[in-house]
Amino acid sequence: MVDYSKPLKQHLREAGCEFERQGKGDHEIWYSPITHIRFAVDTHIKSRHTANAVLKQAGLPKKF
């Protein structure tokens, strides 16, 4: 099974998003300078739909 977490986080960093803190459980809280919101990123994303939903929250186009 594919894990989208590592490439997703790399793409977020390249777009200027920043890791802020550890969230509840295995989630991380990130900040997007594009949308000016904080959003959660799971450490084990197995679905490309979930990965693309995170990108949407960050204000970025689909990649996966």
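Everything that follows concerns the structure shown earlier in this document.
Residues numbered from 1 in each chain as written. Predicted model: local features only at pLDDT ≥ 70, side-chain atom pairs only at ≥ 80, totals over all residues. Heavy atoms only, no water.

Attention shifts here to the sheet that holds strand β3 (residues 37–42). Backbone hydrogen bonds hold the strands of a sheet together, and the pairing may be parallel or antiparallel. One open sheet holds the three strands; their spatial order is β1-β2-β3, and the pairing between them is antiparallel. Here the strands that pair on one side only, and so sit at the sheet edges, are β1 (18–22) and β3. Neighbour-to-neighbour, the strand axes of the sheet open up by a mean angle of 35°, direction not taken into account. In this sheet, β3 lies alongside strand β2 (residues 27–32) in antiparallel orientation, the contact comprising six bridges. When the bridges of β3 are listed, I29 appears paired with A40. (Pairing = 2+ DSSP bridges. Helix = DSSP H or I, 4+ residues; strand = E, 2+ residues; numbered from the N terminus. Axes fitted to C-alpha atoms, helices over the stretch in contact; angles between N-to-C directions.)

Pairing of β1 with β2 involves four bridges; the strand directions are antiparallel. Of the residues in β2, the one forming a bridge with Q22 is E28. Following β1, the chain reverses through four residues before pairing antiparallel with β2; G25 in that reversal takes a positive phi of roughly 65°.

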